[in-house]
Amino acid sequence: RQNSDLKNIMMIYAKIHKNYTAAIREVKTKLQNLDDDFQLLHKHNPIHHMESRIKSPESILEKANRKGFSSDVNQMCKQMLDIAGIRVICCYINDIYIVADLLKKQSDLSIIREVDYIKNPKDNGYRSLHLIVEIPVFFVHRVEKIPVEIQIRTMAMDFWASLEHQLRYKAEGEIPKFIAEELKECSENIAHSDLQMQKVHSFLEDLDRFTPK
Ligand code: 0O2
């Protein structure tokens, strides 16, 4: 079944790719506009940079099998809310919530799900704010509402998540317990540094605000 399911996905992957690319483009433009306007108003860019990706057919199939989603490809795509993904990397923790709140105010975006892995980190130490949004995309003959997963995190959280992902991939399965403990400690140190950097940034912003020009 695995092979025939993959073949079914491959048959419509060009269409999937085109639709989700359009949705990513729409959401990225919104984020870019917010970042530019925020810079103009507050002399600070909440977004450091962004990355995006469309799930590969293999990864769609792996997740569908793991989560017990439908084998009908159209149904499967409806159930999978992270085929399109954008990662927003911020400088400071407060920036994460600024970006999320500004997105939530946009009337054409629906927030489908929000998971705050910063207030409630995963057991392994993973931290990020996850939003699933739905954006209307206007095509030639139709309007389609397409889900996009937005992961918002600081540079420090991104550093940890990227290396942890690489190490997990290299370990090909369960990471030994002592390594998992090292990684968790590393995540806690990083969280502490994030708070310190936020404190310094807020202090300098206040100083600037209250200094007579
Ligand atoms: P990729 O390569 O980013 O696409 P799932 O975890 O997919 O079974 P769910 O509910 O969608 O189910 O998960 P969740 O936690 O909301 O978000 C999944 C995505 O968050 C992952 O996507 C990762 O990008 C990221 N993520 C979640 N937990 C961890 C973690 O412990 N370490 C790291 N490094 N990233 C994590 P994919 O599909 O796994 O990968």
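Below is a summary of the structure that appears in this document. (Residues numbered from 1 in each chain as written. Predicted model: local features only at pLDDT ≥ 70, side-chain atom pairs only at ≥ 80, totals over all residues.)

1. As for helix α5 (residues 155–171)
So, point 1. The terminal C-alpha atoms of α5 lie 24 Å apart, and with 17 residues this matches the ideal 24 Å at 1.5 Å per residue to within 8%.
So, point 2. Those residues of α5 that fall on the buried side of the exposure criterion are A156, M157, D158, W160 and E164.
So, point 3. Lining the buried residues of α5 we find β2 (84–90), β5 (143–154) and α6 (177–210).
So, point 4. Downstream of α5 by a residue or two, E172 has a phi angle that is positive, lying close to 50°. (Helix = DSSP H or I, 4+ residues; strand = E, 2+ residues; numbered from the N terminus. Expected span 1.5 Å × (residues − 1). Buried ≥ 20, exposed ≤ 12 C-beta atoms within 10 Å, placed from the backbone. Contact = placed C-beta atoms within 7 Å.)

2. Comments concerning the sheet that holds strand β1 (residues 47–54)
So, point 1. Pairing within the open sheet is mixed, and its five strands lie in the order β1-β2-β5-β4-β3. Only two strands of the sheet have a single neighbouring strand rather than two, namely β1 and β3 (110–116). Direction aside, neighbouring strands of the sheet carry axes that sit 25° apart on average.
So, point 2. The pairing of strand β4 (residues 129–138) with β5 spans ten bridges and is antiparallel. Paired with F138 across the bridge in β5 is V143. (Pairing = 2+ DSSP bridges. Axes fitted to C-alpha atoms, helices over the stretch in contact; angles between N-to-C directions.)

3. Concerning the pairing of β2
So, point 1. With five of seven residues buried, β2 is to be regarded as a mostly interior element.
So, point 2. Where β1 lies against β2, seven bridges are found, and the strand directions are antiparallel. What sits directly across from H49, in β2, is I89.
So, point 3. In terms of strand pairing, β2 meets β5 through six bridges, oriented parallel. Directly across from C90, in β5, lies its bridge partner T154.

4. What to know about the site of the ligand
So, point 1. Around the ligand, the neighbouring residues are K55, K63, D82, G85, V115, K122, N124, Y126, H130, A161, E164 and H165.
So, point 2. Here the shell around the ligand takes three residues from α5, the largest share from any one element.
So, point 3. Residue composition of the shell around the ligand, by class: three nonpolar, four polar and five charged. (Near = placed C-beta within 6 Å. Nonpolar A, V, L, I, M, F, W, Y, C, P; charged D, E, K, R; others polar.)

5. Considerations on the nonpolar core
So, point 1. Counting residues in each nonpolar core, the largest one holds 30 residues, and the members touching the most others are V27, V88, C90, V148 and I150.
So, point 2. Put simply, the parts of the chain that give this core at least two residues each are α1 (2–42), α2 (57–67), α3 (73–79), β2, α4 (93–104), β4 and β5. (Core = buried A, V, L, I, M, F, W, Y, C linked by C-beta atoms within 7 Å.)

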